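# Descriptive analysis of the structure
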Amino acid sequence: MARSWMTDSKNFKNLESYLESYGDYIIRQAKLTIKKEAPKSSGRLSRSLKYRLGTKKSEYLIKFDSNKYGAFVERGVKGKGGKVKGIQYQGNRTYIDVRGKRQRTKFKFRHKNPGKNMVSALIPWITRNGIAIKKGQTMTGLAYAIAYGIIRKGLPSISFYTQPIAATRGLFVRNLEKNYAADIEKGIVANGFRLKLN
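Read on for a plain summary of the structure. What you see is a predicted model; the values in this text were computed from it and never measured.

Bringing the environment of Arg110 into the picture now. Secondary-structure assignment places Arg110 in the loop between strand E6 (102-104) and helix H5 (116-128). A relative accessible area of 74% places Arg110 in the exposed class. Separated by 41 residues in sequence, Arg110 and Ile151 have C-alpha atoms that sit 9.2 Å apart.

Structure below.
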């Protein structure tokens, strides 16, 4: 009986409540990071941020999600390298992991030339950022030029999830232990001393 109490997530209200508040906090911080690092973004990435809290084999699992583009913004994309406006770039890109360590991204551009989807996505970005079109240049031509630069230099990471996770890692573990202990103590009182004896 005591063992089934231990593995039943319904008996860990303090722990579950804390994990929910932690998930909400990380989402808020992630949105603030995106707003700070990319103030003129479309907002689609921020709106896609969410977390899921569930259980599997008596363990709590918290997963932070975003749209497909979010993974590339989170970890950056390695560029092909080459010259952009006369400056040579290696294309290396790094991100901050959940332990606060800088790591090289595994994402990389597969092609040397930009595709139509990439160019199309850059056109509204150019408009939002108020980038002027030079005389004799078209919007599509400007988008291609910017896309070539991105492919050579790479896409920098924002690490919108991992930065706040790394910054609060120690506090998270302490609060996790505190709330877990509170639920265990509550269960011992509610179930007598069967938990200790078993």
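So much for the structure itself; the text now carries on.
Let's shift gears to the nonpolar core. Grouped together as the largest cluster of nonpolar side chains are 19 residues, with contacts concentrated most on Tyr22, Ile26, Leu45, Leu49, Phe64, Phe160 and Tyr161. Elements with a contribution of two residues or more to this core: helix H2 (13-37) and helix H8 (169-190). By residue number, the principal contributor to this core is H2, which donates eight residues. Sequence-distant contacts of Phe64, defined by excluding residues within four places in its chain, comprise Tyr22, Gly23, Ile26, Ile27, Lys50, Tyr51, Tyr161 and Ile165. Val119, Leu122, Ala143 and Ala147 belong to the second largest nonpolar core, which has seven residues in total.

Moving on, we get to the side chain of Thr33. Counting through the fold element by element, Thr33 comes out in helix H2. With sequence-adjacent residues up to four places away left out, Thr33 is seen in contact with Ile158, Phe160 and Gln163.

Next up on the list: the pairing of strand E1 (residues 50-56). Here seven bridges tie E1 to strand E2 (residues 59-65), and the two strands are oriented antiparallel to one another. Looking across to E2, one finds that Lys50 is bridged to Asp65. Turn length for the E1-E2 hairpin, with the two strands adjacent in sequence and antiparallel, is two residues, and the turn residue Lys57 shows positive phi of about 50°.

Of the volumes computed, that of the second largest pocket is approximately 270 Å³. What lines the second largest pocket is a set of 14 residues, and nearest its centre among them are Glu74, Arg75, Val98, Tyr161 and Thr162. Those elements that place two or more of their residues in the lining of the second largest pocket are helix H4 (70-75) and helix H7 (162-167). Looking at which element gives the most residues to the lining of the second largest pocket, the answer is H4, with four residues.

Right, let's get into the packing of H5 against helix H6 (residues 139-153). Between H5 and H6, the shortest axis-to-axis distance is 8 Å and the interhelical angle comes to 110°. For the element pair H5 / H6, the angle class is roughly perpendicular. Of the residues in H6, those in contact with Lys116, Met118, Val119, Leu122, Ile123, Trp125, Ile126 and Thr127 of H5 are Met139, Thr140, Leu142, Ala143, Tyr144, Ile146, Ala147, Ile150 and Ile151. Among the residues forming the contact of H5 with H6, the class breakdown is 14 nonpolar, two polar and one charged.

Conventions adopted
- Residues numbered from 1 in each chain as written.
- Predicted model: local features only at pLDDT ≥ 70, side-chain atom pairs only at ≥ 80, totals over all residues.
- Heavy atoms only, no water.
- Helix = DSSP H or I, 4+ residues; strand = E, 2+ residues; numbered from the N terminus.
- Buried < 20%, exposed > 50% of the residue type's maximum accessible area, 1.4 Å probe, protein only.
- Core = buried A, V, L, I, M, F, W, Y, C linked by side-chain atoms within 4.5 Å.
- Contact = heavy atoms within 4.5 Å.
- Pairing = 2+ DSSP bridges.
- 1 Å grid on protein atoms, 1.4 Å probe; cavity = no way out; pocket = protein on both sides within 12 Å on 5 of 7 lines; lining within 4 Å.
- Points joined across faces, edges and corners; volume = space filled by probe spheres on them.
- Axes fitted to C-alpha atoms, helices over the stretch in contact; angles between N-to-C directions.
- Parallel < 35°, antiparallel > 145°, perpendicular 65-115°, else oblique.
- Nonpolar A, V, L, I, M, F, W, Y, C, P; charged D, E, K, R; others polar.

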